[in-house]
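Fold and contact review
Here's the letter readout for the chains.
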Amino acid sequence: MKKIAVIGSGTMGNGIAHVFAQYGYQVALIDISQAALDKGLQTIASNLDRQIKKGTLTESQKTETLARLSPFTSLAEGVKEADLVVEAATENVELKLKIFADMDTHTRPDTILATNTSSISITKIASATKRPEKVIGMHFMNPVPVMKLVEIIRGYLTSDETTQIITGLSRKIDKIPVEVNDYPGFVSNRILMPMINEAIYTLWEGVAGVQEIDEVMKLGMAHPMGPLHLADFIGLDVCLAILNVLYEGFGNSKYAPCPLLVNMVQAGHKGAKSGQGFYDWSNPKELKVARQFTK
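No experiment lies behind these values; they were computed from the predicted model shown. (Residues numbered from 1 in each chain as written. Predicted model: local features only at pLDDT ≥ 70, side-chain atom pairs only at ≥ 80, totals over all residues. Heavy atoms only, no water.)

Across its full length, the protein carries twelve helices and ten strands. Expected size for 295 residues packed as a compact globule is a radius of gyration near 19 Å; at 19 Å, the protein falls within 12% of this value. Summarising its shape, the C-alpha atoms of the protein cover approximately 55 × 45 × 35 Å along the three principal directions. Counting every position in the protein, which comprises 295 residues, the buried fraction comes to 46%. Within the protein, contacts between residues at least 6 apart in sequence are counted, and of these 65% link residues at least 24 apart. (Helix = DSSP H or I, 4+ residues; strand = E, 2+ residues; numbered from the N terminus. Rg over C-alpha atoms; globule rule 2.2 N^0.38 Å. Buried < 20%, exposed > 50% of the residue type's maximum accessible area, 1.4 Å probe, protein only. Contact = heavy atoms within 4.5 Å.)

Take a look at the structure:
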């Protein structure tokens, strides 16, 4: 594989594009607007500068990495020469089905189609194409340039060959692939999201405050970041969407989203990206609890 296309230039998409370009692949970065692409490319440049400051990258390597990135506002143009397309759009099943149908139309028959979904069924996404054996989940962790894990999810019809190719490719970009099967939430979010949801219930029921809950998990369980801080970082709307996938997929009340989380998302408080969640993100270097959250 030499040419990669990434659909979506947001947090995950620009991170995926960054890593592939850094490791020598030609990358088409695709989004619906030039403004979104410009923002994504600026983020990549800033993250490359951060690597230079840490001594893990040189100025010439930054220049070479950026030169391998080509922005497109047309999906058809961006994917037509790709050996692999990685979709990293919003966690919305209807949107992903539409994108995969378009990808299927505009790519070569041998192109592998991957999704960065963190919870939606690979088998369902693959049903929008005529090549389900070449559709696979490639779930990167945020921030992509830093985190080593790639959760490789096989759909019901994903072939051994496709799985082997994507597993090998993940290793070539210095990631550690872990293969899992296609059930709601896969492994990472099936375990992580109920923990975050329980932390929100613990806050809502008045057992402890935001900082106290996060401190218990950091100091007692050696988590690098408390669950409420992490929820803000992921995006509360994303957490809610994943919990809904789990709840609908298993029909088990233990996955039901906490009413506090539902209310916060409906109010537009989505965490770091909106400026307010469990914490006030107006000054990220000095995070303060946003408000009183108990019933």
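More follows now that the structure is in view.
On to the side chain of T167. In this fold, T167 is placed in helix α7 (residues 160-172). If we ignore the near neighbours within four places in the chain, the residues touching T167 are I152 and P177.

Before going further, it helps to spend a moment on the UniProt feature "domain: 3-hydroxyacyl-CoA dehydrogenase NAD binding" (unreviewed entry) in the protein. The UniProt entry lists residues 3-182 under the feature "domain: 3-hydroxyacyl-CoA dehydrogenase NAD binding" (unreviewed entry), expressed in the numbering used here. Secondary structure over residues 3-182 splits into 44% helix and 22% strand, and the C-alpha atoms at its two ends are 27 Å apart. (UniProt positions renumbered as here; feature names shortened; annotations may be inferred.)

With that out of the way, let us pick up the domain arrangement of the protein. Domain parsing of the protein yields domain 1 (3-181) and domain 2 (190-284). The C-alpha-based centres of domain 1 and domain 2 are spaced at 26 Å. Of the roughly 390 Å² buried where domain 1 meets domain 2, counting both sides, 70% is carbon and sulfur surface. When the buried area of domain 1 at its contact with domain 2 is split by residue, E91, S119 and N142 rank highest and sum to 72% of it. Counting across the domain 1 and domain 2 interface gives zero salt bridges. (Domains from an automatic or database assignment. Buried area = accessible area lost by both parts, 1.4 Å probe. Salt bridge = Lys/Arg side-chain N within 4 Å of Asp/Glu carboxyl O.)

Moving on, we come to the nonpolar core. In this structure, F20, V27, L84, M138 and F140 are the most contacted members of the largest nonpolar core, which totals 30 residues. For this core, the element with the highest residue contribution is helix α1 (residues 11-22), accounting for six residues. Setting aside its immediate chain neighbours within four residues, V27 contacts I4, V6, A17, F20, A21, R68, L69 and S70. (Core = buried A, V, L, I, M, F, W, Y, C linked by side-chain atoms within 4.5 Å.)

Right, let's talk about the UniProt feature "domain: 3-hydroxyacyl-CoA dehydrogenase C-terminal" (unreviewed entry) in the protein for a bit. When the UniProt feature table is mapped to this numbering, "domain: 3-hydroxyacyl-CoA dehydrogenase C-terminal" (unreviewed entry) covers residues 185-281. Secondary structure content for residues 185-281 is 62% helix and 2% strand, and the end C-alpha separation is 28 Å.

Turning our attention to the pairing of strand β4 (residues 84-87). Burial along β4 is two-sided: L84 and V86 facing one way and V85 and E87 facing the other are all buried. The pairing of strand β1 (residues 3-7) with β4 spans four bridges and is parallel. By the bridge assignment, V6 is partnered in β4 with V86. Where β4 meets strand β5 (residues 112-115), four bridges bridge the pair, whose relative direction is parallel. Residue pairing across strands places V86 opposite A114, the latter belonging to β5. Running through helix α5 (residues 93-106), the crossover from β4 to the neighbouring parallel element β5 is right-handed. (Pairing = 2+ DSSP bridges. Right-handed = clockwise from strand over helix to strand, strands pointing away.)

With that settled, consider the pattern of salt bridges. Scanning the entire structure with this criterion turns up 15 salt bridges. Between E77 and K80 there is a salt bridge, with its nearest N and O atoms 3.1 Å apart. Taking the relative accessible area as the measure of exposure, E77 reaches 41% and is therefore partly exposed. The exposure class assigned to K80 is partly exposed, which follows from its relative accessible area of 42%.

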